[in-house]
Amino acid sequence: MLIIFCYCNTFNIPWHLDDPPNITENYPLLINNLLPETLWSTLFAKPFAEGQLYRPIANLSFALNWYFVQENPFGYHLVNLVIHILTAFFLLKTSLLLLQHSFSERLRTDRDILFIAVFSAILWAINPIQTQAVTYIVQRMASMAAMFFIFATYTYIRARQAGSFRQGLPHYLLTLVFFLLALGCKENAVTLIPSLLLVEVFFLANTTGQPARPWRLTLILANICLLAAALYYIFDQNYLASLFTPIGSRPFSLMERLLTQPSILLFYLSLLLYPSPERLSIDHSFTLSTSLLHPWTTLPAIVAVLAVIVFALWQRKKLPLLSFAILFFFVNHLVESTIIPLEMIFEHRNYLPSFFLFLPLAAGAETLLNRFRQSSRLLYGVTITSLTLLLIMIGLGTYSRNAVWATEESLWADALAKAPDNARPFAKLGEIYGWQKEKSPENLQTAVALLHKALERESPRTSFKPAIVGNIGKVYRNYGMLDEAVVYFNKSLELNPNFINSRLDLAETLALQRKFEQALKEINVVIDKNDQQSRFFNLKGMILLWMGRPDEAVAANQLALHKTLVNKQRYFYNIGVGLTRAGHYDQGMWFLRQALKGTPDDRKILYSLTENRLLAGDADSARKYSRQILDRHSITAVRADLQHLATDYTSVPIDIALISPIMIATAKETVTNLDRKTPPE
């Protein structure tokens, strides 16, 4: 109930940041059936690289969400919350098993052990820092990976408790299955291997089940293999070559990242232990460490982290819970907080590493309660009251932090207040004012001003500035200021000629200006740089249709169809129009009718079917489609279409001059029939 209260205000929170490209705009996940081949294709849904295997279990869950609720975020938040509750429940059960095996806890009663497990699980579950992994929909990848991770840990301990290997075999198999599922959600779950070794060393050495030595040796061997694989990955990615120079689009070298991470890890610990919502943000500002002495906190942070780890190793027998919690935290930050060139800092990265961080705190609270229960009723009451108030304050902090996620504007305004030196809050607010808010001169001015301010701030990628300049162009395009938009798209490409997004936007804008030759040239450059995305070929096909080159358009759209794995029908319409314009009327009609099955009320498809039948000399079928349009849509809507579709360069062309006479005749017939049916007064 505590968890539900803390997250009860999240169910209608909208999509944020990486949600759209990973889910709502990730076409392989937008499924409309549960056929095996459709579900299989969702496993290969890497954004902007359709066809590559990418976090398949998490993506499959997003696809199933889409099938049942489409874009409604309620269903996604509900699933995320269920995952969080299950994770907390199995964290509690796993903690119980660990405490039962802990040498230092054997003098405690079952009631004491239950209190420690429950209290620590609650402290973890309602900590405000977890909101980024639970409320931020796409971070289901992190929370689901953590869920399967704790499932695997639990089943491994249960397997080790069995009297023999044969008796424990079902749980060992479940451990393997859960491990693979966790990896299928997010790659950082690979740290289960060293984590289980920690569990063996700290808690299972003297288990009454199977001998510990063979399993410890097995896990040591597994960790050696993991280390070898990690070294191979580092050399294969050529990371060492970028040890002292910026890598990829990151504005830092790997050495700078390694020097900065100790400070960030200590900051993470401070957030977990003092989780004030005022300290949390989707975008933190953190000074980059360029040497051991700059900033001055770099070397002390490195020394502090090493000292904490050495302390944990030194005190592993005297303080096993504290030592285990510390080592587990750092081991599970190895993937995201070391050499891999990810962004410097994100709160959701603590979801899994913080699993057992509150065990020693809960054990300390239980020790105080036991001591005061016998010595001072007053102090015992004060301690109980204090712990209760602590849970209430933490829970309210989580509820308060979730309220910040209520809208994109509130989230990024909060980030701007906390990280005014970062470019991303300015850029995101600029996008909100530029093409989400109502169009007005004031909003246009605000959007452009915010985006210009973003250019003056620190960026998470070297490609961020070209993207911001391109977004200024998109704002102008949204306001119909196409000449200004083209200027900024070109400026973006001057900063980075390989920035595909701005070149694609430039091609689309040139098409809107009817500069089709230039648009075709730009989209061809895009395809030369990346020929794996179907949307590029789709745009090329549309441009070719407006240029009166239908055969080439059909070829381009067929390539778009070939390069997409699911929802292929989204390209049927353009192919149908191309075939019609090329004189292949029956084939064109087939594709248009297939497209209509997905959206039976789509007027554009019905107009194109009318056009197809008129060109084929089938006037009766053309009238049938025109009647279908007027049966389902108002004459006012049809009149507006006939006035603007001839110059709607955002879609494929429709021959308005050809279809207008039959549409007008059908409209008159419809009005006449209505007059006849209307009884006299």
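Now for a description of the structure that goes with this document.

1. With respect to the pattern of salt bridges
Phase 1: Under the definition given, this model contains 21 salt bridges.
Phase 2: The shortest N-O distance in the salt bridge between Glu336 and Lys186 comes to 2.8 Å. In this pair, Glu336 is assigned in the loop between helix H14 (320–331) and helix H15 (359–375) and Lys186 in the loop between helix H9 (165–183) and helix H10 (192–203), connecting sequence segments 150 residues apart. For the pair shown, Glu336 and Lys186 are each scored as buried.
Phase 3: The salt bridge involving Arg401 is made with Asp414; its shortest N-O contact spans 3.0 Å.

2. Re the packing of helix H16 (residues 377–404) against helix H17 (residues 408–418)
Phase 1: The N-to-C vectors of H16 and H17 enclose an angle of 105°; their axes lie 7 Å apart at closest approach. What the angle tells us is that H16 and H17 run roughly perpendicular. In contact with Arg401, Ala403 and Val404 of H16, H17 contributes Ser410, Leu411, Asp414 and Lys418.

3. Concerning the nonpolar core
Phase 1: Core analysis: the biggest nonpolar cluster contains 195 residues, and Phe324, Phe355, Phe356, Ile523, Ile543 and Met663 have the highest contact counts within it.
Phase 2: If you tally residues by element for this core, the top one is helix H8 (residues 140–161), at 14 residues.
Phase 3: Residues in contact with Ile543, not counting those within four places in the same chain, are Ala511, Phe516, Ala519, Leu520 and Ile523.
Phase 4: Membership of the second largest hydrophobic core comes to six residues, among which are Tyr239, Leu243, Ile247 and Ile339.

4. Observations concerning helix H26 (residues 572–581)
Phase 1: Taken across its 10 residues, H26 has nine buried, putting it largely inside the fold.
Phase 2: Those residues of H26 lying buried are Phe572, Tyr573, Asn574, Ile575, Gly576, Val577, Gly578, Leu579 and Thr580.
Phase 3: Among the structural elements, helix H24 (534–546), helix H25 (550–562), helix H27 (585–598) and helix H28 (603–615) are those in contact with the buried residues of H26.

5. Section: unusual backbone geometry
In most cases, non-glycine residues show a negative phi, while peptide bonds are predominantly trans.
Phase 1: The amide bond that connects His294 to the next residue, Pro295, takes the cis arrangement and shows omega of -5°.
Phase 2: In this fold, Pro295 is placed in the loop between helix H12 (254–273) and helix H13 (298–314).
Phase 3: Phi at Leu17 is positive, roughly 45°, even though this residue is not glycine.
Phase 4: Locating Leu17 in the fold gives a position in the loop between helix H1 (2–7) and helix H2 (19–24).
Phase 5: Taking the relative accessible area as the measure of exposure, Leu17 reaches 15% and is therefore buried.
Phase 6: Notably, Arg55 is not glycine yet its phi reads approximately 40°, a positive angle.
Phase 7: Locating Arg55 in the fold gives a position in the loop between helix H3 (36–41) and helix H4 (56–69).
Phase 8: Taking relative accessible area as the criterion, Arg55 reaches 17% and is therefore assigned buried.

6. So, empty space enclosed by the protein
Phase 1: On inspection of all chains with the given rule, the structure shows two cavities of 30 Å³ or more.
Phase 2: Estimated volume of the largest cavity: approximately 60 Å³.
Phase 3: Reported here for the second largest cavity is a volume of approximately 30 Å³.
Phase 4: Lining the second largest cavity are Gly576, Val577, Thr580, Arg581, Leu592, Ser608 and Glu611.
Phase 5: Put simply, the parts of the chain that give the lining of the second largest cavity at least two residues each are H26 and H28.

7. Regarding the layout of surface pockets
Rolled over the atoms, a probe as big as a water molecule pinpoints where empty space is left.
Phase 1: Roughly 460 Å³ of volume is contained in the second largest pocket.
Phase 2: Lining the second largest pocket are 21 residues, and of these Phe286, Met344, Glu458, Ser459 and Pro460 lie nearest its centre.

8. Considerations on the packing of aromatic side chains
Aromatic rings in a pair are described by how distant their centres are and how their planes are angled relative to each other.
Phase 1: Under the defined criterion, the tally for this structure stands at 41 aromatic pairs.
Phase 2: The interplanar angle of 55° and the centroid separation of 6.3 Å between the aromatic rings of Phe149 and Phe355 together place this pair among those described as tilted. With Phe149 in helix H8 and Phe355 in the loop between H14 and H15, the pair connects residues that are 206 residues apart, well separated along the chain.
Phase 3: Linked through ring pairs, Trp124, Phe149, Phe202, Phe203, Phe324, Phe328, Tyr351, Phe355 and Phe356 together constitute an aromatic cluster.
Phase 4: The aromatic ring of Tyr488 is capped on one face by Lys491, whose charged end is 4.7 Å from the ring centroid.
Phase 5: Across the ring face of Tyr625, the terminal group of Lys624 is positioned such that the distance to the ring centre comes to 4.7 Å.

9. A word on the packing of helix H21 (residues 482–495) against helix H22 (residues 500–512)
Phase 1: Where H21 contacts H22, the axes come no closer than 9 Å and their chain directions differ by 155°. What the angle tells us is that H21 and H22 run roughly antiparallel. Note on packing geometry: the crossing formed by H21 with H22 is left-handed. Along the contact surface, H21 presents Leu482, Ala485, Val486, Phe489, Asn490, Ser492 and Leu493, while H22 presents Ser502, Arg503, Asp505, Leu506, Thr509, Leu510 and Leu512.
Phase 2: Classifying every residue of the contact of H21 with H22 by side-chain character gives eight nonpolar, four polar and two charged.

10. Focus on the environment of His101
Phase 1: Along the chain, His101 turns up in helix H5 (residues 73–101).
Phase 2: For His101, a relative accessible area of 14% corresponds to the buried category.
Phase 3: With 101 residues separating them along the chain, His101 and Phe202 place their C-alpha atoms 8.8 Å apart.

11. Some thoughts on a nonpolar patch on the surface
Phase 1: On the surface, Phe5, Leu389, Ile392, Leu396 and Tyr399 cluster together into a nonpolar patch covering about 440 Å² of accessible area.
Phase 2: The greatest single-element share of the nonpolar patch, amounting to four residues, is contributed by H16.
Phase 3: Take Leu389: it is sitting in helix H16.
Phase 4: Residue Leu389 is classed as partly exposed on the basis of its relative accessible area of 46%.

12. Looking at the state of the cysteines
Phase 1: Tallied over the entire structure, the rule returns zero disulfides.
Phase 2: Free of any disulfide, Cys8 has its nearest neighbouring cysteine sulfur in Cys6, separated by 8.2 Å.
Phase 3: The class of Cys8 is partly exposed, set by a relative accessible area of 38%.

13. Notes on H21
Phase 1: The end-to-end C-alpha distance of H21 is 20 Å, a good match for the 20 Å that 14 residues give at a rise of 1.5 Å each.
Phase 2: Those residues of H21 that sit buried are Leu482, Ala485, Val486, Tyr488, Phe489, Ser492 and Leu493. Angularly, the buried residues of H21 cover 170° about the axis, an arc narrow enough to put them on a single face. Looking at H21, the residues exposed on the side facing more than 90 degrees away from the buried face are Asp483, Glu494 and Leu495.
Phase 3: Against helix H19 (441–455), helix H20 (464–478) and H22 lie the buried residues of H21.

Cut-offs applied
Residues numbered from 1 in each chain as written. Predicted model: local features only at pLDDT ≥ 70, side-chain atom pairs only at ≥ 80, totals over all residues. Heavy atoms only, no water. Salt bridge = Lys/Arg side-chain N within 4 Å of Asp/Glu carboxyl O. Helix = DSSP H or I, 4+ residues; strand = E, 2+ residues; numbered from the N terminus. Buried < 20%, exposed > 50% of the residue type's maximum accessible area, 1.4 Å probe, protein only. Axes fitted to C-alpha atoms, helices over the stretch in contact; angles between N-to-C directions. Parallel < 35°, antiparallel > 145°, perpendicular 65-115°, else oblique. Contact = heavy atoms within 4.5 Å. Core = buried A, V, L, I, M, F, W, Y, C linked by side-chain atoms within 4.5 Å. 1 Å grid on protein atoms, 1.4 Å probe; cavity = no way out; pocket = protein on both sides within 12 Å on 5 of 7 lines; lining within 4 Å. Points joined across faces, edges and corners; volume = space filled by probe spheres on them. Phe/Tyr/Trp six-rings, centres within 6.5 Å; stacked < 30°, edge-to-face > 60°. Lys NZ or Arg CZ within 6 Å of the ring centre and 35° of its normal. Left-handed = near helix turned anticlockwise from the far one by under 90°. Nonpolar A, V, L, I, M, F, W, Y, C, P; charged D, E, K, R; others polar. Patch = residues over 30% accessible without salt bridge, like charges linked within 9 Å, V, L, I, M, F, W, Y side chains within 5 Å. Areas by Shrake-Rupley, 256 points an atom, 1.4 Å probe, with all protein chains shown as cover. Disulfide = S-S within 2.5 Å. Expected span 1.5 Å × (residues − 1). Arc of directions from axis to C-beta.

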